[in-house]
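Fold and geometry: a report
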Amino acid sequence: MSDLRFLIVDDFSTMRRIVRNLLKESGFADADEAEDGVAALQKLRNGKFDFVVSDINMPNMNGFQLLAEIKADEKLKHLPVLMVTAEARKEDIVLAAQNGAAGYIVKPFTKATLEEKVTLILKKLGM
């Protein structure tokens with residue numbers, strides 16, 4: 001259905017697999033994974049991606065640092081970044097929005113929630 005390429009960033013492989021499966025069930029079958037922000041940036045700079053789904057709490061480079069790097073990069077700053085957080089802390093949500101995140105989602109989430117968020121972001125961006 002969709003030929004958009006997703007990058008799923010999370011330090012837990014189980015979580016990456018869950019997100020990947022939910023995206024696939026929502027019609028977004030093309031996805032790659034990275035275990036932290038450092039690995040994610042490398043993939044983003046060397047490949048072609050359309051959408052990033054990133055956890056906030058990760059070692060080496062967390063989701064906010066990754067977001068900042070993406071938004072500071074001329075070639076990547078157009079990419080929508082959906083932030084995934086374990087706890088809906090008000091300051092995290094504000095920070096995500098201020099730093100240019102396309103949206104955020106709180107774990108655990110359902111396929112419906114993820115699909116709705118992704119679809120909304122794509123619509124907003126005219127993708």
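The following paragraphs examine the structure supplied in this document. (Residues numbered from 1 in each chain as written. Predicted model: local features only at pLDDT ≥ 70, side-chain atom pairs only at ≥ 80, totals over all residues. Heavy atoms only, no water.)

**Considerations on unusual backbone geometry**
Condition: By definition, any uninterrupted DSSP run of H or I lasting at least four residues is a helix, any uninterrupted run of E lasting at least two residues is a strand, and each is numbered from the N terminus. To sort residues, take the accessible area from a 1.4 Å probe on protein chains only and compare it with the maximum for the residue type: under 20% means buried, over 50% means exposed, and anything in between is partly exposed.
Geometrically, the link from Lys107 to Pro108 is a cis peptide bond, its omega value of -10 degrees lying close to zero. Tracing the chain through its elements places Pro108 in the loop between β5 (103-106) and α5 (111-124). At Asn60, a residue that is not glycine, the phi angle is positive and equals roughly 65 degrees. For Asn60, the position within the fold is in the loop between β3 (51-55) and α3 (63-72). For Asn60, a relative accessible area of 63% translates into the label exposed.

**As for the environment of Ser54**
Selection rule: Should any heavy atoms of two residues lie within 4.5 Å, those residues are considered in contact.
Assignment of secondary structure puts Ser54 in strand β3. A sequence separation of ten residues divides Ser54 from Leu44, and the C-alpha atoms of the two residues are 12 Å apart. Non-local contacts of Ser54, meaning those with residues more than four positions away in its chain, are made with Val9, Gly63, Leu66, Leu82, Met83 and Val84.

**Considering the pairing of β3**
In plain terms, the rule: Should DSSP find at least two bridges between two strands, the strands are taken to pair. Crossover handedness is defined here as right-handed if the route from the first strand over the helix to the second strand goes clockwise, with the strands pointing away from the viewer.
Across the five residues that make up β3, a large majority, five, are buried. Neither face of β3 is exposed, since Phe51, Val53 and Asp55 on one face and Val52 and Ser54 on the opposite face are all buried. Sheet topology note: the strand β1 (residues 6-9)/β3 ladder contains four bridges and is parallel. The residue of β3 that forms the bridge with Ile8 is Val53. Crossover connection from β3 via α3 to parallel strand β4 (residues 81-85): handedness right-handed.

**Concerning the nonpolar core**
Our working rule: Residues belong to one nonpolar core when they are buried, are Ala, Val, Leu, Ile, Met, Phe, Trp, Tyr or Cys, and are joined through side-chain atoms within 4.5 Å.
Formed by 22 residues in total, the largest nonpolar core has its most connected members in Leu7, Val9, Leu44, Val52, Leu66, Ile70 and Met83. Of all elements in the fold, only β1, α2 (37-46), α3 and β4 reach the threshold of two or more residues within this core. Grouped together as the second largest cluster of nonpolar side chains are 19 residues, Val19, Leu22, Phe51 and Val84 included.

**Some thoughts on the pairing of strand β2 (residues 31-34)**
Neither face of β2 is exposed, since Ala31 and Glu33 on one face and Asp32 and Ala34 on the opposite face are all buried. Where β1 and β2 come together, four bridges link them in parallel fashion. Across the sheet, residue Val9 finds its bridge partner in β2, namely Ala34. The parallel pair β1 and β2, bridged by helix α1 (residues 13-25), forms a crossover whose chirality is right-handed.

**With respect to the packing of aromatic side chains**
Put simply, the rule reads: For Phe, Tyr and Trp, rings pair up if their centres lie within 6.5 Å, where Trp contributes its six-membered ring, and each pair is then called stacked (planes under 30 degrees apart), edge-to-face (over 60) or tilted (otherwise). Consider the ring centre and the ring normal. A charge sits over the ring if Lys NZ or Arg CZ is within 6 Å of that centre and within 35 degrees of that normal.
The final tally for this structure, using the stated rule, is two aromatic pairs. Between Phe6 and Phe28 the ring centres are 5.0 Å apart and the planes differ by 55 degrees, which places this aromatic pair in the tilted class. Of this pair, Phe6 sits in strand β1 while Phe28 sits in the loop between α1 and β2, and the two are 22 residues apart along the sequence. The burial state of Phe6 is the same as that of Phe28; both residues are buried. Of note, Lys117 hangs over the ring of Tyr104, and the distance from its end group to the ring centre comes to 5.6 Å.

Coordinates in, geometry out; function isn't part of it.
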